[in-house]
Structures are given as C-alpha cells and as structure tokens.
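Okay, here's what each chain looks like letter by letter:
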Amino acid sequence: MITMPAKRPPVPLSRERIIEAALHIADSQGLRRLTMRRLGDALEVEAMAIYHHLPRGKEALMDALAEHVTAVHVEPGPTWQETARAWCRAGRELLREHPGVLALALTKPPKGATALAIREQTEQLAEAGLGNAAEAVRALRAFVFGSVAVEVQQSGWADPEVDQWVRRDARADMDFERGLDALLKGLQT
C-alpha cells in the first residue's frame, strides 16, 4: 500500500504576511503589478480573504505598505546630531530595501505608526537640545527621501533593460553621508 505524505496545513493569513507578500510583488514586479488578485495568488488564498485583514482593500494595503517603510524607530543618542544621524540612516536603509514602494512613501501622508515615529523623532531631538525640532525633522525626512529616490533612479531598478540592479553603491553611501553632515551642520545654526 502506498501512503501519501500528510498535507501541510496552510499558513494562517495575517496582516504581516499580506504586507510581506505585497512588498515582494512591488519590489520584484513594480507597484503597478500589485493587484489584489495577484496578491491572493501569491498567498494561495482568494483575493477576498485579504479584505478580512484590510477591510478598506487596496487603499488600506497602500497605506500599510507606506507605513511599513517609513515608520522608523531608533534609540536616542548622546547628542541630537547622533540621534538625527541614526534616524536618517535607519530610514534610508528601510526605503532602500523596498524600492517598489518608494512612490508610496513619497506621496502618502504620514499616518498611524509613521505619524507616531515622526512625533517620537521630534521629541527626541527637542529633548536633546535642538531648537525647532519639527522643522528639522521635515528637512531630515526630505533629505532621506530625496537621497533614496536618486539612488533608486540611478540603480537601474525600474529600467526593464537592466538585468541586475545595484542595491549597494559606495559612491551613494559617501554622497549620503556628505549630504547628511552638511544638513546637520546647517541645522545647528
């Protein structure tokens, strides 16, 4: 008698699993190719099952993806400059990991965990002695988003004729650090 191996139980669907699968699709195929049907296929569920975890559907998914790549938390450093530097580096890394949702990060208003992270960053910088911390946070976020946008643009990520895009670039790292140093010096005045 031939025995069949036991079938594995399906992995339960969760908001986190949905977001990870959506990030994979957006990063590998582009945001335009991310549909609820394609996401359902990737998760091996009917597309309608996703709505149980994201009742507002695609709009909720887009908000969740933007939040995932912009809600950064770091421990405060001994100075506001070191704290700001840690925030910028962490934000840059998270955005570079998921170039497929960079457009969402740039265009979606901060909500939920992202809004809380911005408030936390502002409070940390103010408590460390930086005057007008809210303006500084806006400038730092603009610098990080702009830097990553240029890096992704120059990496070949969105070019269909490029087989392998450059994820890490030493020159981009140096440019980022140089720009961050200049911005931090400017915020001191």
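Residues numbered from 1 in each chain as written. Predicted model: local features only at pLDDT ≥ 70, side-chain atom pairs only at ≥ 80, totals over all residues. Heavy atoms only, no water.

S.K.: Report on the overall build of the protein chain, specifying residues and quantitative values.
M.R.: For the protein chain, the count of helices and strands is nine helices and zero strands. Listing each helix as α and each strand as β along the protein chain from the N terminus yields α-α-α-α-α-α-α-α-α. Classification of the 189 residues of the protein chain by burial places 40% in the buried group. Counting contacts in the protein chain only where the partners sit at least 6 residues apart, residues at least 24 apart contribute 72% of the total. Summed over its atoms, the accessible surface of the protein chain is roughly 11,500 Å², and 55% of this surface lies on carbon and sulfur atoms. (Helix = DSSP H or I, 4+ residues; strand = E, 2+ residues; numbered from the N terminus. Buried < 20%, exposed > 50% of the residue type's maximum accessible area, 1.4 Å probe, protein only. Contact = heavy atoms within 4.5 Å. Areas by Shrake-Rupley, 256 points an atom, 1.4 Å probe, with all protein chains shown as cover.)

S.K.: Explain the UniProt feature "DNA-binding region" (unreviewed entry) in the protein chain residue by residue, including any values.
M.R.: The UniProt record annotates "DNA-binding region" (unreviewed entry) at residues 35–54. With 75% helix and 0% strand, residues 35–54 has its two end C-alpha atoms placed 14 Å apart. (UniProt positions renumbered as here; feature names shortened; annotations may be inferred.)

S.K.: Outline the packing of aromatic side chains, supporting the account with residue identities and numerical values.
M.R.: For the structure shown, the criterion picks out one aromatic pair. The lysine or arginine in question, Arg92, covers the ring of Phe176, its NZ or CZ lying 4.5 Å from the ring centre. (Phe/Tyr/Trp six-rings, centres within 6.5 Å; stacked < 30°, edge-to-face > 60°. Lys NZ or Arg CZ within 6 Å of the ring centre and 35° of its normal.)

S.K.: I'd like to hear about the pattern of salt bridges, residue by residue, with values.
M.R.: Under the defined criterion, the tally for this structure stands at 13 salt bridges. For Glu177, the salt bridge identified is with Arg89, shortest N-O distance 2.9 Å. Of the two residues, Glu177 is situated in helix α9 (residues 170–188) and Arg89 in helix α5 (residues 80–97); the sequence distance between them amounts to 88 residues. Taking the relative accessible area as the measure of exposure, Arg89 reaches 39% and is therefore partly exposed. Its salt-bridge partner being Arg96, residue Glu93 comes within 3.4 Å of it at the nearest N-O pair. (Salt bridge = Lys/Arg side-chain N within 4 Å of Asp/Glu carboxyl O.)

S.K.: Go over the side chain of Gln121, please, and point to the residues and values.
M.R.: Inspection of the secondary structure puts Gln121 in helix α7 (residues 112–127). Gln121 has contacts with Trp87, Val137 and Leu140, leaving out every residue within four places of it along the chain.

S.K.: Outline α5, supporting the account with residue identities and numerical values.
M.R.: For an α-helix, the turn length of 3.6 residues means that residues three or four places apart are oriented alike. Between the first and last C-alpha of α5 there are 26 Å, a value that for 18 residues agrees with the 26 Å anticipated at 1.5 Å per step. Within α5, burial applies to Trp80, Thr83, Ala84, Arg85, Trp87, Cys88, Gly91, Arg92, Leu94, Leu95 and Arg96. In the core, the buried residues of α5 are packed alongside α4 (58–70), α6 (102–107), α7, α8 (133–155) and α9. (Expected span 1.5 Å × (residues − 1).)

S.K.: Which residues make up the nonpolar core, and what are the values?
M.R.: With 51 residues, the main nonpolar core has Leu39, Leu61, Leu65 and Leu140 as its most contacted residues. Counting only elements with at least two residues in this core, the list comes to α1 (15–29), α2 (36–43), α4, α5, α6, α7, α8 and α9. Considering every element that reaches this core, the biggest residue donor is α8, with nine residues. Shared between two domains, this core takes at least three residues from each, and those domains are domain 1 (15–58) and domain 2 (70–187). In this structure Leu39 touches Ile18, Ala21, Ala22, Ile25, Leu34, Ile50 and Leu61, once residues within four positions along its chain are discounted. (Core = buried A, V, L, I, M, F, W, Y, C linked by side-chain atoms within 4.5 Å. Domains from an automatic or database assignment.)

S.K.: Which residues make up α9, and what values do they have?
M.R.: The end-to-end C-alpha separation of α9 is 27 Å, in line with the 27 Å expected for 19 residues at 1.5 Å each. Among the residues of α9, Ala172, Phe176, Leu180, Leu183, Leu184 and Leu187 are the ones counted as buried. Each buried residue of α9 sits inside an arc of 100° when the element is viewed along its axis, so together they form one side. Exposed and facing more than 90 degrees away from the buried side of α9 are Ala170, Arg171, Met174, Arg178 and Lys185. (Arc of directions from axis to C-beta.)

S.K.: Let's hear about the environment of Lys108: which residues, and what values?
M.R.: Structurally, Lys108 is set in the loop between α6 and α7. Apart from residues no more than four positions distant in its own chain, Lys108 is found in contact with Glu59, Met62, Asp63 and Ala66. Within the structure, the side chain of Lys108 is placed 2.4 Å from the side chain of Glu59, a separation counted as a polar contact. (Polar contact = N/O pair within 3.5 Å; in protein donor to acceptor, adjacent residues only side chain to side chain.)

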